[in-house]
2 protein chains.
Amino acid sequence: MDPLDPDMFHPACPSSVMPIRIGDKWSAMIIVCLEQGPRRFSEIRVPVHGATPKVLTQTLRALERDGMITRTVYAEVPPRVEYELTPLGRTLLELIAVCRAWADEHLPTLLAAREAYEDRGSTPGSTAPAPFVDP
Amino acid sequence: MDPLDPDMFHPACPSSVMPIRIGDKWSAMIIVCLEQGPRRFSEIRVPVHGATPKVLTQTLRALERDGMITRTVYAEVPPRVEYELTPLGRTLLELIAVCRAWADEHLPTLLAAREAYEDRGSTPGSTAPAPFVDP
DNA sequence: CTGTATCCTTGTTGATACTG
DNA sequence: CAGTATCAACAAGGATACAG
């Protein structure tokens, strides 16, 4: 997977309905973006579209604060800043992988349940083999 | 662990700072509460203190909608409602266990990084072995 | 007992514009 | 390029009261 692919986190991506979240809304995306090496601020903005610079900065600061990433400023012009995963941050990759595996296996079941739930709406039947029905 | 222990989710519990969340704020607690068998509405309220009935109902409905739990109403007086994990809901227990294992292993590191970050505040030094320093 | 109904506070996200 | 500042919008969560 290309961490610079603009469609890496397309709205249709399962992560939209995933019941698991690492940190806030954007953290996991950023972690995955940095998997293959350091990235610059503007490089991260590409796949993580929708995140304004403000939100991106907020999230990056929080990750830095928690020791997940490092922030390195190079005294060049134009300025260059690189973000890189720490060993601690890399441990999150494994966790994300586990979550993805869960999604691959169980998300279809979840979505089916959700659809079935909407379908009955307020009509008869109960989820369980219930002895009594909820009017 | 006793799923009816009022202090099961004490504020000092690591889950307060955990960067991983299953669903919303209360879902994971509820899932764990139901691990050992069906529970009634008021039984769930005990360990999940802080959740008002409104929020608890919301969360339970969402979990039911997604096929994680079943809701069974018994036509008794006083009314009795039991919530129970589905097989799908039980798969979340494994996921939660993985997250807990991550926390046991890495949360101290995270907290240390956080403390170190606060300590420097805006003083010298950089997180990375940075060649240049951020003024 | 098991919820609903209202109202309100707060935190989070987003849009837009501007700076070193 | 890499942010910061400011304001607006929204959704989640909580307090309180009440109903079937």
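A quick note: this is a predicted structure, and the numbers were derived from the prediction, not measured.

Calculation rules
- Residues numbered from 1 in each chain as written.
- Chains lettered and ligands numbered in written order.
- Predicted model: local features only at pLDDT ≥ 70, side-chain atom pairs only at ≥ 80, totals over all residues.
- Heavy atoms only, no water.
- Near = heavy atom within 4 Å.
- Polar contact = N/O pair within 3.5 Å; in protein donor to acceptor, adjacent residues only side chain to side chain.
- Helix = DSSP H or I, 4+ residues; strand = E, 2+ residues; numbered from the N terminus.
- Contact = heavy atoms within 4.5 Å.
- Buried area = accessible area lost by both parts, 1.4 Å probe.
- Salt bridge = Lys/Arg side-chain N within 4 Å of Asp/Glu carboxyl O.
- Nonpolar A, V, L, I, M, F, W, Y, C, P; charged D, E, K, R; others polar.
- Pairing = 2+ DSSP bridges.
- Axes fitted to C-alpha atoms, helices over the stretch in contact; angles between N-to-C directions.

Colleague: Describe the protein's contact with DNA strand D, naming the residues involved and giving the relevant values.
Modeller: Of all residues adjacent to DNA strand D, which total 19 residues, the nearest are Ser42(A), Thr57(A), Arg71(A), Tyr83(A) and Lys54(B). Among the atoms of DNA strand D close to the protein, meaning within 4 Å, 70% are from sugar or phosphate groups. Taking Pro79(A), its main chain carries an N or O atom lying 3.3 Å from a sugar or linking oxygen of DNA strand D. Within the side chain of Tyr83(A), a nitrogen or oxygen atom sits 2.7 Å from a phosphate oxygen of DNA strand D. For the surface near DNA strand D, the secondary-structure elements that each account for two or more residues are α2 (41-45), α3 (53-65) and β4 (80-85) of chain A. Considering every element that reaches the surface near DNA strand D, the biggest residue donor is α3(A), with four residues.

Colleague: How would you summarise the interface of chain B and chain A if you had to cite specific residues and measurements?
Modeller: With 38 residues of chain B at the contact, the number on the chain A side is 38 residues. Note on chain B versus chain A: buried area summed over both sides is about 3400 Å², and carbon and sulfur give 65% of it. Between Asp66(B) and Arg114(A) there is a salt bridge, with its nearest N and O atoms 2.8 Å apart. Counting the contacts that link chain B with chain A gives nine residue pairs in polar contact (both at pLDDT 80 or more). Mapped onto the side of chain B that touches chain A, the elements with two or more residues apiece are β1 (20-22), α3 (53-65), β3 (69-74) and α4 (87-120) of chain B. Its residues assigned to classes, the side of chain B that touches chain A shows 20 nonpolar, nine polar and nine charged.

Colleague: Break down the sheet that holds strand β4 (residues 80-85) of chain B for me, citing the residues and quoting the values.
Modeller: All names here are of chain B. The strand order across the open sheet formed by three strands is β2-β4-β3, and the pairing between neighbours is antiparallel. Across the chains shown, the open sheet's two edge strands, defined by having one partner strand only, are β2 (39-40) and β3. With two bridges connecting them, β2 and β4 associate as antiparallel partners. The residue bridging Arg39 from the neighbouring strand is Tyr83, located in β4. Sitting on the sheet, α3 is in contact with β3 and β4, with an inclination near 115 degrees to β3.

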